Amino acid sequence: QKDDSQRLLESFNSDEKEHTLTKSKAEPYTSKEEMVLEESESPLNSNVTAFALKAKVIYPINQKFRPLADGSSNPSLHENPKQAVLPNQVMETSTSGSLGSLSQGDKEDCSSSTTIHSTASDDRFQARAFLKVASFPEVLMCESFDVKLCLCSLILKDLMLLDTELRKEKHVMFMQILKVYLTDFYHKKKITDDLFKKILLIQENDFEELQKQLDSRLQNTEMSGAHNSEYQTLEDLERKEREYSEHVIDNMEAFWKQTDKAQQAFLDQSKCSSAKATKIMMDLTKKMIAVESLLSESQDLQAMDIQERLFNWELMVKMIDLLKAYIPEECKCRLNIVSNILDHLTVKNNLSVRQKEELLTDLHKAFWEQLAHFSNECIQQSKDLILKRLECRAKKREESKHRQKAEQGSLLSKTFHIEDVHDFLKAYHELLEKHRQAQWELEEEDDCESTEAVADLYKELYSKASHALAELVTKLFLRTLPVVTGLSVSECELLKEEWQENLVPQLEKWETPRQRRWKLFQEQLLQEKKLWMKEYALSAVMQKHLSEKQEKIIQGVISRLGCLSDESVNYILQKHRLLLCSVLTRLTLRRVGMAALARMRMSRKKSLLQELREQHTLQKGSSPCQDEDQWQLQKAVESHILEEEEKLEEETQQTHLEFHQQLVTEIQEALQFLQQHMEQVIGQTLLQHARREAGKKSSDDGQDFKERLVEAAVESVYGTSNNINRLVQNYYQQIGKITEGYEGKKLQQLKSLQAERGERNRLRKKQENELALKEKQTKGLLNISSTVHQRMVLQQKKVLAQFELQQQIRLESLKQKLLGLHHLETELENQLKEAEQDFVSDLATLARVPVAVKKHPSKRSKPAAEKTNSKKKSFQSPESEDKDNSHENIQEPPGLTSGLCRERLQSPHEGETEPSKNSKMLKKRGNR
């Protein structure tokens with residue numbers, strides 16, 4: 001019964017028009033009693049309503065002709081229904097149809113089903129082809145069914161164009177920044193003119209090749225599945241948007257790889273120092289972060305402007321649709337008044353029923369033929385007008401592009417210094433923003449002018465239709481009726497005046513639902529705006545969440561690396577921030593596009609539900625309930641509307657969930673690229689750090705002095721076997737005392753750290769027990785006030801928080817252990833160096849070698865803090881080593897520290913093996 005009520009409401013207006021238009025083909029009634037009965041019957045007869053409710057017969061309740069006994073309508077009223085769909089008739093697929101659409105009946109009738117929600121219907125809708133449009137004026141020529149799809153496809157096109165422009169702007173900005181640094185090096189004579197031009201040309205060619213590859217892939221995506229270049233399906237559009245996003249992500253990855261390659265090539269050719277190269281790379285990264293921030297902010301603002309443009313387009317389209325619908329509605333009103341006058345003459349026996357039907361048939365035929373002719377002319381004029389305006393728009397766009405390109409070239413040709421780069425970025429971005437705004441205003445102005453021009457054509461059509469109908473009615477009353485009825489001309493003139501007098505209140509009556517329909521549309525549009533604002537808010541939350549999560553991850557990685565300088569850590573963080581900003585900017589735009597696709601997918605069902613709600617509201621306001629049957633019917637329709645709204649909300653949520661899952665997949669792929677790129681950056685940073693450390697060790701020139709001292713002591717006649725042996729033994733004893741003291745301090749420190757960690761664990765467990773006790777006390781309230789899903793989320797957050805806390809405690813403990821060991825290792829290294837220097841000094845004194853001992857400066861203790869325990873394995877006894885391993889319960893997890901740190905804790909000290917080797921030579925000298 002609810003389904004039938006919905007079908008009844010959906011076919012109400014269309015069947016009213018169909019009855020009026022096909023009245024000429026109805027079999028004339030010859031019985032006067034039937035005519036009188038027909039006149040006395042109320043529009044909403046209770047018997048007919050009850051019959052409709054019980055028999056579930058689908059026909060307009062207020063139509064004048066009764067149904068047949070078998071429940072079907074009179075065949076004469078619906079004979080050849082497709083021919084009855086004349087121009088200006090409002091189609092069932094929307095509240096206002098397209099003028100002159102004689103083939104609309106061949107299209108899919110979306111409202112023919114008894115329910116809005118159908119899987120088969122969804123599949124047909126996904127595969128239904130709609131017109132490809134490149135600009136808004138073309139939408140004014142589309143059928144009403146395709147309007148929302150066409151408008152949303154224009155939104156997707158604008159978003160894609162915005163993405164392309166911002167991407168090109170970023171490429172140009174990077175090349176200009178690189179050019180500024182190359183120019184600075186060229187002026188400082190660090191690179192030659194040929195090298196300057198070669199580097200610049202190579203990078204320009206590489207970026208052009210990247211753009212060509214992207215354009216080729218996008219062209220293949222556009223051509224795939226395009227069986228008809230003039231039409232497209234929603235399924236194809238979703239596929240193209242998905243593939244476009246994949247191609248753009250790949251291009252973004254290739255772009256950042258190319259920028260790193262360009263920076264490295266520039267630094268290699270310039271042959272600058274490592275510190276200078278790090279500083280330059282840091283400056284380049286910071287400037288590109290500024291570029292990304294500018295582009296991200298611009299993208300967000302323009303995406304909102306694009307969405308606002310969609311609402312403006314819908315308002316203009318609705319205005320034209322209402323104007324189209326107003327013409328047949330008013331003409332129908334005028335014809336109904338004529339029909340009422342002729343009915344009155346029939347009751348007075350001035351006209352027979354057959355004569356009345358013949359007069360109405362001739363009047364309808366003559367008028368609708370003229371209106372169809374005028375409508376065809378209006379449609380053709382609209383098409384010609386729009387095509388002409390589009391040609392003018394294309395010419396203006398080309399002129400504007402040439403002018404804008406010249407302005408951009410003028411700015412790019414200027415020479416900027418490194419300190420002026422930020423000013424250049426701001427100036428260039430503002431110039432492009434100015435150009436985009438000018439193009440935007442040009443298109444908006446042309447859209448409004450095109451809409452106004454089309455509206456003027458339909459106003460002219462309305463004037464022609466009204467004038468033609470007035471002439472036909474005048475001819476009917478002043479020429480035909482006097483002959484047929486025998487009435488005088490003056491009496492017929494009175495009938496015409498009566499027609500004109502009755503016209504004013506009837507037109508006012510028609511105006512009321514028109515205004516209410518416009519108000520309902522505005523309310524619907526306001527709801528759509530709220531949904532879009534909610535979508536933007538969710539997008540901002542998603543972006544913030546991903547940013548914080550990724551920032552936390554990179555901080556954790558860096559904290560586990562250790563041994564990196566502050567400059568290196570800062571560079572890694574800045575590089576990660578740059579890539580993350582680029583990824584999030586792209587994903588934000590993708591989310592806006594997905595919202596548009598979701599709206600397109602649900603547009604059919606939303607339109608049908610809105611039409612059903614609108615018709616019910618208008619009918620409820622025009623004909624209040626007079627009896628129980630009407631009230632029951634109204635309640636049934638309202639119940640059905642609520643049911644359909646719930647289904648629509650559920651399907652909308654399901655559609656958004658589907659797109660959200662797809663977005664999550666794309667986010668994971670993009671973050672995978674981010675992770676791989678950052679792994680390379682961190683690896684290169686660690687490699688540079690290792691090279692610097694190796695350079696520091698190789699720069700020690702004390703080895704030459706030791707070798708000369710040994711040779712001089714061997715050749716000296718003053719050194720005896722006993723003296724030299726005593727020196728060596730004293731040296732070994734001193735080293736033994738140093739290492740023994742180191743092992744003791746190390747063991748004591750490890751015990752202290754273990755005790756501290758045990759105390760922290762005890763306090764943490766105590767806090768966890770107190771928290772668990774509080775949760776048990778509030779568990780009853782939680783079960784009552786929270787759903788199962790909420791409790792699961794809370795439990796998940798609790799477990800994750802505990803895990804992160806434990807990881808943080810473990811990391812802090814390992815950091816303390818590492819710092820303590822570094823301190824002890826630094827102290828050990830300094831003591832060993834002092835012992836070595838004392839041994840060398842005593843040996844030189846004993847051998848009376850006239851060579852000054854080169855003392856190591858105290859500053860060496862500072863870099864030594866960055867080295868590892870070098871004396872551990874050379875002087876540590878097996879017993880002490882086993883003892884140390886037995887007490888060291890805190891083990892470092894693999895991968896926590898860098899390979900450099902582990903190597904530093906395991907590699908032997910350089911200065912330790914040499915005295916041993918030299919002492920052997922001295923022993924040989926003493927024995928000899």
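All figures in this text were calculated on a predicted structure; none of them were measured in a lab.

### Things to note about the overall build of the protein chain
(1) Moving on: From N to C terminus, the protein chain includes 24 helices and two strands.
(2) Moving on: Buried residues in the protein chain amount to 46% of all 928 residues.
(3) Moving on: If you take every contact in the protein chain between residues at least 6 apart in sequence, the share linking residues at least 24 apart comes to 84%.
(4) Moving on: For the protein chain, the exposed surface amounts to about 48,600 Å²; the carbon and sulfur share of it is 53%.

### With respect to the packing of helix H7 (residues 147-187) against helix H12 (residues 421-485)
(1) Moving on: Packing of H7 against H12 leaves a shortest axis separation of 11 Å and a crossing angle of 155°. On the basis of their axis angle, the class for H7 and H12 is roughly antiparallel. For the crossing formed where H7 meets H12, the hand is right-handed. Residues Glu165, Leu166, Glu169, Val172, Met173, Gln176, Ile177 and Val180 of H7 pack against Val421, Phe424, Leu425, Tyr428, His429, Leu432 and Arg436 of H12.

### Describing the pattern of salt bridges
(1) Moving on: Taken as a whole and assessed by the stated rule, the structure comprises 45 salt bridges.
(2) Moving on: Glu314 is the partner of Arg599 in a salt bridge, and the nearest nitrogen-oxygen pair spans 2.7 Å. Taken together, the residues Arg599 in helix H14 (residues 566-622) and Glu314 in helix H10 (residues 274-347) connect sequence positions 285 residues apart. In this structure, Arg599 and Glu314 share a single accessibility class: buried.
(3) Moving on: Here Asp446 makes a salt bridge to Arg393, at a shortest N to O gap of 2.8 Å.

### With respect to the packing of aromatic side chains
(1) Moving on: Scanning all chains against the criterion turns up 14 aromatic pairs.
(2) Moving on: The interplanar angle of 20° and the centroid separation of 5.8 Å between the aromatic rings of Phe424 and Tyr428 together place this pair among those described as stacked. Note that Phe424 and Tyr428 are positioned in helix H12 at a spacing of four residues, about one turn of the helix.
(3) Moving on: Taking the relative accessible area as the measure of exposure, Phe424 reaches 2% and is therefore buried.
(4) Moving on: Judged by its relative accessible area of 3%, Tyr428 falls in the buried class.
(5) Moving on: On the basis of an interplanar angle of 35° and a centroid distance of 6.2 Å, the ring pair of Tyr731 and Tyr732 is categorised as tilted.
(6) Moving on: The class for Tyr731 is buried, based on a relative accessible area of 5%.
(7) Moving on: One aromatic cluster is present, formed by Phe174, Phe207, Phe255 and Trp256 through successive ring pairs.
(8) Moving on: Sitting above the plane of the Trp440 ring, Arg309 keeps its charged end 3.7 Å from the centroid.
(9) Moving on: The lysine or arginine in question, Arg514, covers the ring of Tyr326, its NZ or CZ lying 4.5 Å from the ring centre.

### As for the packing of H10 against H12
(1) Moving on: The interhelical angle for the contact between H10 and H12, taken along N-to-C directions, is 5°, at an axis separation of 12 Å. As the angle between them shows, H10 and H12 are arranged roughly parallel.

### Section: H10
(1) Moving on: Here H10 spans 108 Å end to end across 74 residues, near enough to the 110 Å set by a 1.5 Å rise per residue.
(2) Moving on: A large share of H10 lies buried, amounting to 53 of its 74 residues.
(3) Moving on: Note on H10: the residue one or two positions beyond its end, Asn349, has a positive phi of about 65°.

### Quick notes on the environment of Lys148
(1) Moving on: Among the structural elements, Lys148 can be located in helix H7.
(2) Moving on: C-alpha of Lys148 to C-alpha of Leu310: the two residues are 162 residues apart in sequence and 9.6 Å apart in space.
(3) Moving on: Excluding residues within four positions of it along the chain, Lys148 makes contact with Glu314, Arg599, Ser603 and Ser607.

### Topic: the environment of Lys240
(1) Moving on: Mapped onto the elements of the fold, Lys240 is located in helix H9 (residues 234-270).
(2) Moving on: Exposure remark for Lys240: the relative accessible area of 10% places this residue in the buried category.
(3) Moving on: Along the backbone, Lys240 and Glu222 are 18 residues apart, and their C-alpha atoms lie at a distance of 6.8 Å.
(4) Moving on: Those residues in contact with Lys240 that lie beyond four places of it in its chain are Lys132, Thr221, Glu222 and Ser224.

### Things to note about a negative patch on the surface
(1) Moving on: Residues Glu493, Glu497, Glu498 and Glu501 make up a contiguous surface patch of negative charge.
(2) Moving on: Tracing the backbone through its elements, the reader meets Glu501 in helix H13 (residues 489-561).
(3) Moving on: Residue Glu501 is classed as exposed on the basis of its relative accessible area of 58%.

### What about the nonpolar core?
(1) Moving on: In this structure, Phe136, Val139, Phe367, Leu481 and Met600 are the most contacted members of the largest nonpolar core, which totals 147 residues.
(2) Moving on: Examining the composition of this core, we find that 27 residues originate from one element, H10, more than from any other.
(3) Moving on: Leaving out residues up to four positions away in the same chain, Phe136 has contacts with Leu151, Leu154, Trp313, Met316, Val317, Asp447 and Thr451.

### A look at the confidence of the model for the protein chain
(1) Moving on: Residues at a pLDDT of 70 or more form 74% of the protein chain, whose mean pLDDT is 75.
(2) Moving on: Residue range residues 1-114 is modelled with pLDDT below 50. Its contacts to residues more than four positions away, or to other chains, number 193 contacts.
(3) Moving on: Every residue in residues 853-928 scores below 50 in pLDDT, and together they form 139 contacts with partners more than four places removed in sequence or on other chains.

### Considering the side chain of Ser296
(1) Moving on: By the secondary structure assignment, Ser296 is in helix H10.
(2) Moving on: Not counting residues up to four positions away in its chain, the partners in contact with Ser296 are Gln543 and Thr585.

### Some thoughts on unusual backbone geometry
(1) Moving on: Even without being a glycine, Asn349 presents a positive backbone phi close to 65°.
(2) Moving on: Topologically, Asn349 is positioned in the loop between H10 and helix H11 (353-412).

### Thoughts on the environment of Leu200
(1) Moving on: Structurally, Leu200 can be placed in helix H8 (residues 193-223).
(2) Moving on: With relative accessibility at 11%, the residue Leu200 sits in the buried group.
(3) Moving on: C-alpha of Leu200 to C-alpha of Ala262: the two residues are 62 residues apart in sequence and 9.2 Å apart in space.
(4) Moving on: Filtering out sequence-adjacent residues up to four positions away, Leu200 remains in contact with Met175, Lys179 and Leu182.

### Section: the side chain of Glu330
(1) Moving on: As for its placement among the helices and strands, Glu330 is situated in helix H10.
(2) Moving on: A polar contact of 2.9 Å, which involves the side chain of Glu330, links it to the side chain of Tyr326.

The rules behind these values
- Residues numbered from 1 in each chain as written.
- Predicted model: local features only at pLDDT ≥ 70, side-chain atom pairs only at ≥ 80, totals over all residues.
- Heavy atoms only, no water.
- Helix = DSSP H or I, 4+ residues; strand = E, 2+ residues; numbered from the N terminus.
- Buried < 20%, exposed > 50% of the residue type's maximum accessible area, 1.4 Å probe, protein only.
- Contact = heavy atoms within 4.5 Å.
- Areas by Shrake-Rupley, 256 points an atom, 1.4 Å probe, with all protein chains shown as cover.
- Axes fitted to C-alpha atoms, helices over the stretch in contact; angles between N-to-C directions.
- Parallel < 35°, antiparallel > 145°, perpendicular 65-115°, else oblique.
- Left-handed = near helix turned anticlockwise from the far one by under 90°.
- Salt bridge = Lys/Arg side-chain N within 4 Å of Asp/Glu carboxyl O.
- Phe/Tyr/Trp six-rings, centres within 6.5 Å; stacked < 30°, edge-to-face > 60°.
- Lys NZ or Arg CZ within 6 Å of the ring centre and 35° of its normal.
- Expected span 1.5 Å × (residues − 1).
- Patch = residues over 30% accessible without salt bridge, like charges linked within 9 Å, V, L, I, M, F, W, Y side chains within 5 Å.
- Lys, Arg positive; Asp, Glu negative; His and termini not counted.
- Charge placed at Lys NZ, Arg CZ, Asp CG, Glu CD.
- Core = buried A, V, L, I, M, F, W, Y, C linked by side-chain atoms within 4.5 Å.
- pLDDT = per-residue confidence, 0-100.
- Polar contact = N/O pair within 3.5 Å; in protein donor to acceptor, adjacent residues only side chain to side chain.

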